[in-house]
Amino acid sequence: MPDTSRSPAFPFVAVLTALLVVGALALFPLVAGKFGMNLAMKIMILAIFALSLELLVGQTGLVSFGHAAFLGISAYTVALLTPESAPAQIWFLLPAALLTSAVYALFVGALSLRTRGIYFIMVTLAFSQMAYFVFHDTPLGGGSDGIYVYWRPEVSIGGWNLLDLDSTHGYYYFVLGSLIVTAIVLALLVRSRFGRALAGIRVNEQRMRAAGFATFPYKLAAFVVAAIFAGLAGFLLALKDGFVNPELLSWHESGAVLIMIILGGLGSLWGAMIGAGAFVLLQEFFQSEPVFGELARHWQLTLGLTIILCVALMPQGLIGLGRQFGRRLQARRGADHV
């Protein structure tokens, strides 16, 4: 998972760091219990979700407040297409879940991307709330009670089972593989000509148009790609929890993932993943009754105050601390040589 910040220096260090992180995650099940593995899977799934929004906000400059719609629509697709009597095949279920998110994103993006700024934010929120009420107020999604996912899909070819997703370890490595693929694909995408065009749109869309770029197709493509990876997170989340409800599409889910990428540091895929991990760990920490006692029941308050302090004291996010440390270390080495 190479670093994809706006100034991609030290690629060797970034690759080495990525290998160490992947190695640690791969070995984690050997020492972790069930709770630890479930927590790690939750972080990795939300990291995929955060990466998908980072492509829109940090790389393209499109602040969407309805990104949870793609997460929820994919999760509901899994629930609705999984039979109660037997597991479905992943070769059918996964593409179907991603396709529904992509189709909805194509529709929403074609309309919302004709607006800008606060209007774009409000239009994406409106479309997300429309999807929310479709599943909340109609029998399609089981209403406010939601739907159970009784089976995880089979990963088999010709009757040969390639991976057992019913086992905790098997599903853990499937989630880890999904995160690695997501990070690599988005890293390559950001560094490609397409990614440079998105960066130009973020900096100055008018200048890009003057240079001959039709910016709308680029923004629409980024919107759909982001929705596909959000759909992947929804697919994984539905299988992990075995249950989906309309809250997955609510505005506060979109707000939470926006907080993750801000907390981690906008403009960096590493920042999105770090922000997702920090958000989940802070949430778990402030809900700990042995540590906070009665205050643990009001964990939203303490979490909110902590995030406000982090954003105020670290405007570049958590990833900015690493960059500052790197610059100071480099400066010290330069001083030693002098």
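Residues numbered from 1 in each chain as written. Predicted model: local features only at pLDDT ≥ 70, side-chain atom pairs only at ≥ 80, totals over all residues. Heavy atoms only, no water.

## What about the overall build of the protein chain?
Of regular secondary structure, the protein chain possesses 13 helices and four strands. For the protein chain, the C-alpha radius of gyration of 20 Å lies close to 20 Å, the compact-globule estimate for 338 residues. Counting the 338 residues in the protein chain, one finds 49% classified as buried. Long-range contacts, defined here as pairs at least 24 residues apart, represent 76% of the contacts in the protein chain between residues at least 6 apart. Working note: accessible area of the protein chain is about 16600 Å², and carbon and sulfur atoms make up 69% of it. In the protein chain, 20 side chains carry a positive charge and 16 a negative one; their mean positions are 19 Å apart. (Helix = DSSP H or I, 4+ residues; strand = E, 2+ residues; numbered from the N terminus. Rg over C-alpha atoms; globule rule 2.2 N^0.38 Å. Buried < 20%, exposed > 50% of the residue type's maximum accessible area, 1.4 Å probe, protein only. Contact = heavy atoms within 4.5 Å. Areas by Shrake-Rupley, 256 points an atom, 1.4 Å probe, with all protein chains shown as cover. Lys, Arg positive; Asp, Glu negative; His and termini not counted. Charge placed at Lys NZ, Arg CZ, Asp CG, Glu CD.)

## Concerning the confidence of the model for the protein chain
The predicted structure's coordinates, where accompanied by low pLDDT, should not be read in detail. Taken residue by residue, the protein chain gives an average pLDDT of 89. The fraction at 70 or more is 92%. When the criterion is pLDDT under 50, residues 1-10 qualifies, and its contacts beyond four places in sequence or with other chains add up to 31 contacts. (pLDDT = per-residue confidence, 0-100.)

## Some points on helix α10 (residues 269-286)
Under the 1.5 Å per step criterion, the end-to-end length of α10 is 26 Å for 18 residues, consistent within 8% with the ideal 26 Å. With 13 of its 18 residues buried, α10 lies for the most part within the structure. For α10, the N-terminal cap is Ser268; the gap from its side-chain oxygen to the backbone nitrogen of Trp270 is 3.2 Å. (Expected span 1.5 Å × (residues − 1). Polar contact = N/O pair within 3.5 Å; in protein donor to acceptor, adjacent residues only side chain to side chain.)

## So, the packing of helix α9 (residues 251-264) against α10
Close contact between α9 and α10 brings their axes to 7 Å; oriented N to C, the two are set at 115°. The angle between α9 and α10 falls in the class roughly perpendicular. Judged by the twist between their axes, the crossing of α9 over α10 is right-handed. Side by side, α9 and α10 meet where Ala256, Ile259, Met260, Ile261, Leu263 and Gly264 of the first sit next to Gly271, Ala272, Gly275, Ala276, Ala278, Phe279 and Leu282 of the second. Residue composition of the contact of α9 with α10, by class: ten nonpolar, three polar and no charged. (Axes fitted to C-alpha atoms, helices over the stretch in contact; angles between N-to-C directions. Parallel < 35°, antiparallel > 145°, perpendicular 65-115°, else oblique. Left-handed = near helix turned anticlockwise from the far one by under 90°. Nonpolar A, V, L, I, M, F, W, Y, C, P; charged D, E, K, R; others polar.)

## Structural notes on the pattern of salt bridges
Enumeration according to the criterion identifies four salt bridges in this entry. Across the salt bridge formed by Glu205 and Arg209, the nearest N and O atoms sit 3.1 Å from each other. Of this pair, Glu205 and Arg209 both sit in helix α7 (residues 193-210), four residues apart, which is roughly one turn of the helix. Residues Glu205 and Lys219 are paired through a salt bridge, measuring 3.0 Å at the closest nitrogen-oxygen approach. On the criterion of sequence distance, the pair formed by Glu205 in helix α7 and Lys219 in helix α8 (residues 215-241) is long-range, its members being 14 residues apart. In this structure Glu205 comes out as buried when scored by relative accessible area, which is 14%. The exposure class assigned to Lys219 is buried, which follows from its relative accessible area of 3%. If you follow the salt bridges from partner to partner, you end up with Glu205, Arg209 and Lys219 in one network. (Salt bridge = Lys/Arg side-chain N within 4 Å of Asp/Glu carboxyl O.)

## Some words on the nonpolar core
Of all hydrophobic cores here, the largest spans 100 residues; its most connected members are Phe235 and Leu236. Of the residues forming this core, the biggest block, 17 residues, is contributed by helix α2 (residues 34-60). If near-sequence neighbours (up to four positions away) are discounted, Phe235 is found in contact with Ser74, Val78, Ile90, Leu93, Leu94, Ala97, Pro153, Tyr171 and Phe174. (Core = buried A, V, L, I, M, F, W, Y, C linked by side-chain atoms within 4.5 Å.)

## Considerations on the environment of Phe70
Within the fold, Phe70 resides in helix α3 (residues 68-81). Overall, the relative accessible area of 2% leaves Phe70 in the buried class. Sequence separation between Phe70 and Ile261 is 191 residues, and the spatial gap between their C-alpha atoms is 17 Å. Those residues in contact with Phe70 that sit more than four places away from it in its chain are Ser101, Tyr104, Ala105, Phe223, Ala227, Ala230 and Gly231.

## Focus on the environment of Gly142
Within the secondary structure, Gly142 is located in the loop between α5 (117-137) and β1 (147-148). Residue class for Gly142 comes out partly exposed when judged on its relative accessible area of 32%. Along the backbone, Gly142 and Gly293 are 151 residues apart, and their C-alpha atoms lie at a distance of 36 Å.

## A short note on the packing of α2 against α10
Running from N to C, α2 and α10 point in directions that differ by 140°, and their axes come no closer than 8 Å. When the interaxial angle is binned, α2 and α10 end up oblique. Remark: the crossing between α2 and α10 carries right-handed chirality. Contact with α2, carried on its side by Phe35, Leu39, Lys42, Ile43, Leu46, Ala47, Ala50, Leu51 and Glu54, involves Leu269, Ala272, Met273, Ala276, Gly277, Val280, Leu281, Gln283 and Glu284 of α10 and no other residues of that element. Of the residues that constitute the contact of α2 with α10, the class distribution is 13 nonpolar, two polar and three charged.

## Focus on the packing of aromatic side chains
Describing an aromatic ring pair means giving the distance of the ring centres and the angle of the ring planes. One pass over the full model with this rule turns up 17 aromatic pairs. Summarising the aromatic geometry, the rings of Tyr76 and Phe135 are spaced 4.1 Å apart at their centres and angled 15° between planes, so their arrangement reads as stacked. Of this pair, Tyr76 sits in helix α3 while Phe135 sits in helix α5, and the two are 59 residues apart along the sequence. Comparing Tyr76 with Phe135 shows no difference in burial state: the two are buried. An aromatic cluster of three or more residues is present, and its members are Phe70, Tyr104, Phe107, Phe120, Phe127 and Phe223. Sitting over the face of the ring of Phe216, Arg114 holds its NZ or CZ atom 4.9 Å from the ring centroid. The ring of Tyr171 has Arg152 lying over it, and the distance from NZ or CZ to the ring centre is 4.2 Å. (Phe/Tyr/Trp six-rings, centres within 6.5 Å; stacked < 30°, edge-to-face > 60°. Lys NZ or Arg CZ within 6 Å of the ring centre and 35° of its normal.)

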